[in-house]
Structures are given as structure tokens and as C-alpha cells.
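Descriptive analysis of the structure
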Number of protein chains: 2
Amino acid sequence: MSSNQKIDKRIKRTKKALQNALITLMQSHDFKAITITDIVKHADYNRGTFYKHYKYKEELLEDIIEEVIKDLVDSYRQPYQDTDSFTFNSLSASAVKIFEHVYAHANFYQLIIQSNALPGFHKRISNELKKLPLQDLAEIEPSPDIDPELHASYQAYAIFGMIMEWVEGGFKLTPAYMADQLLEMLKFSPVNSRFKIRSDLEK
Amino acid sequence: MSSNQKIDKRIKRTKKALQNALITLMQSHDFKAITITDIVKHADYNRGTFYKHYKYKEELLEDIIEEVIKDLVDSYRQPYQDTDSFTFNSLSASAVKIFEHVYAHANFYQLIIQSNALPGFHKRISNELKKLPLQDLAEIEPSPDIDPELHASYQAYAIFGMIMEWVEGGFKLTPAYMADQLLEMLKFSPVNSRFKIRSDLEK
DNA sequence: TTTGTTAGTGAACATCTGTTGAATAAATCT
DNA sequence: AGATTTATTCAACAGATGTTCACTAACAAA
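Computed from a prediction, not measured in an experiment: that's the story for all the values here.

A closer look at helix 2 (residues 36–43) of chain A
Residues and elements named next belong to chain A. Turning to helix 2, its buried residues are Ile36, Ile39, Val40 and Ala43. Looking straight down helix 2, one finds that the buried residues subtend no more than 90 degrees of arc, so they occupy a single side. Contact partners of the buried residues in helix 2: helix 1 (9–28), helix 3 (47–53) and helix 4 (57–77). In the stretch just after helix 2, Asp44 is the one whose phi turns positive, near 60 degrees.

Structure representation (C-alpha cells):
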């Protein structure tokens, strides 16, 4: 069933060991400060072995991320599992499952996002966008032609944005509440939105 | 008017030179492959000088980004400039201005996003989210209590998502069209959305 | 213009990087 | 089981890193 296409035992063992070593080191050290030498010393492997599998730390990290993403996708699909016709429940449940997945890997997400593994470009620019009163943008004459690719990217990043907010807020909200909020956003009709210019343009 | 609080001429000169050197090198080399030595050699400064101002390449890059973001904010605020009451035109115009800003700095955005300056975590996870049929999530009973912080982050990342799609599509769309699409998204009433499960769950 | 301050230089250092080659160990295949 | 393939080791290398030092050159303030 799984794609275990004859991968050498040693490779699996080594990669797992290196992954664990990196995760462990990231608990206590900034990502940038962790050296390849640190990782292999901690995992008790030769430095050359690292370079046989990875070009740099980031590649090792992406390998780790890959597994978490697998679980994310699985989580999303769970409600659909034994259904071949659509029900609202399964759809709503999928939303919940996504946030439950993140919650289950809370430590990991916190680690990835807070460590400067991703030099904060998207964080930086998103934070700036957040300051702008974009929420007030609304209410124009209709026309139902939305580019599906743009819309997909819009939605994907929007949810990622919710997750970022959740993570950086220290997971104070429950997964159920997060899912609820997402559904709320989606049904949010901009007709209701109040129009006023923010007067607080300080800094 | 500007916050030029007596910064040593030499610092400005040096930083600008280093920034220019990095940008130039990024045109032809992968970010990861550019060394500090490369940068200072290209800018004709001593290596120690680099470390007096920056800890690592990423910090230098963030300095560059900062200026672009300044222009982004300025662009957004332009339509509001001489207005103290809200008009739809100024709001719509702000949306246009954002995308015009990105378009004006197309090379820069392409450079930043395509170079692996930001190890592709958000890219990776967002792409995965894009594959999930999240657009179909919709149509639930009403309730108008949306967490403003979550909503802000949702919106900010959503727009960032549009920009990402635009950039990676090679800027084939016009800024006006992008702005139009954004406004379309915002007014998009999910009541219209068709409900069906994707049957293509390959891979 | 002089004085105090600080940015930039050049050199040196230990450490880390990325790569290589020959030897060894552990896996896979028949 | 033995034969073959290949992952891992160890040592060595040139180059890059990150830090420090005393020296000088350029700037700011008076």
C-alpha cells in the first residue's frame, strides 16, 4: 500500500537519526546557529554521511516537514473516507480536522515558525498587510468570474494565515473554535461590513 | 520629515553598497550559493565591515526588503492622501495601488520568491492546501462574531497568496485585473458555490 | 580647526563547510 | 549461503565563517 520501494535500511535509519537530531537541537538552539557538525555529532554519524543525503540543513528540515504534511492531508481526508456523496458534516469536519492536525503537532509548528528557519519575508510582509485596513475593502457591483488559480491560492494562504496567527498566539484557541472561525470567514458576507477609514495611522 | 537621525555617512554608504552587491549577485546566483566573501568582494569592502552591520546574509536581505515594504505602504495610502472621508473609489484604488506596487517591483519580487532565500516552508504547505478542495467549504448558518485578529491575518495572507500566484505565473496578469479579482473575492458570496467532492485524489 | 568618536582595514585564528578517495561495514540479490 | 552492491567511515583539503585586534581614516560636534 505505502510506497516503500526497497529503500536501504541504512538510509532510513540514518535519515531518521539526523532528523531526530535536528528536531532535538532546534528545541534549544536557533536554527541558524545549528551547524552540520552539531547535527552529525548529536546523531553520532560521520559528516560525510550527511552530505550524501542532504545538501544543507534546510533540505533535512524539509524532509521532516514532508511527514507532517502527509499527516495534514490524511487528516483532511478522514471525514471523506467512507463517504462518496457530499455531506455538509464531512466538509465541516474536514475543517476541524485540519486545525486538530496543527494542534496535535503544536510543538512542531511552533518550532518551525518561531525559529528563523524561514527568514521572515512572508512574516514581515504579511504583518505589514495586516496593519492595512484591507478588511474594509468590500461591496462592489457583482460579476461572478473569479480566476480559479488565484482563488485557490487566496484561500490556501488565508488558512495559512489563520494558522500563523494561532501559532503566534500560543495556541490559546481551540481547534473547534478555529474551524468555526474559518467557516464564519467563508460565509462572511461583505454587505455587512462597516465603511470607515482607520484614524489610527500612527507609526 | 524623514527619520534621518544623524546616521553616519559611511554607514549609509556601506550598507547601500552591500545591498546593491547582494541584489546584483542574486540576479545570477542562487541565494544560498552567495557567500559573505562574494558580497564584500563585489562591493569592495572588508569582510569585517559586513559583520559590523549584519549577522548574516538574511539580515542584509531584510534590510533591502524593508525599503520595498515602505513603498508598498506608501502606495496603499496614496488614494487616502487628500481624503478625510471614505469614498469607494479611494478604497478600490488602494487595492489597485498594491498590485501596481508589486508590478513596479516585479523583478525584486520574482528574485526574492524564486531564489530560495526563504526555504520553502510556506510555499510547500500552501501548495498542499491549494490541492485540497477548500473552496467548497461554505454555506453554514449565520453568526457574525469573527475574531478580528484572525480575520486580519486571514485577509493579509490571502492577498499574499494572490501575489505569490501572480509572481509564480510570471506576471501574465495586469495589476488592474488582480485588483479586480481581489474585490471579486471579497464580495464573493459562498451561496453560489457548487458542492461536490473532487474525484481526482491521485498521488 | 581641533578634538573625540566611530567606521573601515588588514591580518590572524579556530571552527565549519563542502568535497574527495580509499577502506570497511552492512545491506541486497540470487 | 556467498557474491555484489552500496552506505558509512576516516582523513585530508581548500575555502568560508565568525570573531578579535591594533591601526587608520573619515566623520560629527564644538
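Remarks on unusual backbone geometry
All names here are of chain A. One non-glycine residue, Asp44, adopts positive backbone phi at about 60 degrees. With respect to the helices and strands, Asp44 occurs in the loop between helix 2 and helix 3. Notably, Phe171 is not glycine yet its phi reads approximately 55 degrees, a positive angle. Here Phe171 lies in the loop between helix 8 (148–168) and helix 9 (175–187).

Considerations on the packing of aromatic side chains
With the rule as written, the count across this model stands at 18 aromatic pairs over all chains. Taken together, a centroid distance of 5.7 Å and an interplanar angle of 85 degrees make the contact between Phe108(A) and Tyr109(A) edge-to-face. Centroid distance Tyr157(A) to Phe160(B): 5.6 Å. Interplanar angle 75 degrees. Geometry classified as edge-to-face. Within this pair, whereas Tyr157(A) is found in helix 8, its partner Phe160(B) is found in helix 8 (residues 148–168), the two belonging to separate chains. Note on accessibility: Tyr157(A) and Phe160(B) belong to one class, buried. Through pairs of rings, three or more aromatic residues link up here, namely Phe99(A), Tyr103(A), Trp166(A) and Phe171(A).

What to know about helix 8 of chain B
All names here are of chain B. If you check helix 8, its first and last C-alpha atoms are 30 Å apart, about what 21 residues at 1.5 Å a residue would give, namely 30 Å. By the criterion of burial, helix 8 is predominantly enclosed, with 18 of the 21 residues buried. In this structure Asp147 caps helix 8, since a side-chain oxygen of it lies 2.8 Å from the backbone nitrogen of Glu149. Positive phi appears at Gly170, one or two residues downstream of helix 8, with a value of about 75 degrees.

The rules behind each value
- Residues numbered from 1 in each chain as written.
- Chains lettered and ligands numbered in written order.
- Predicted model: local features only at pLDDT ≥ 70, side-chain atom pairs only at ≥ 80, totals over all residues.
- Heavy atoms only, no water.
- Buried < 20%, exposed > 50% of the residue type's maximum accessible area, 1.4 Å probe, protein only.
- Helix = DSSP H or I, 4+ residues; strand = E, 2+ residues; numbered from the N terminus.
- Arc of directions from axis to C-beta.
- Contact = heavy atoms within 4.5 Å.
- Phe/Tyr/Trp six-rings, centres within 6.5 Å; stacked < 30°, edge-to-face > 60°.
- Expected span 1.5 Å × (residues − 1).
- Polar contact = N/O pair within 3.5 Å; in protein donor to acceptor, adjacent residues only side chain to side chain.

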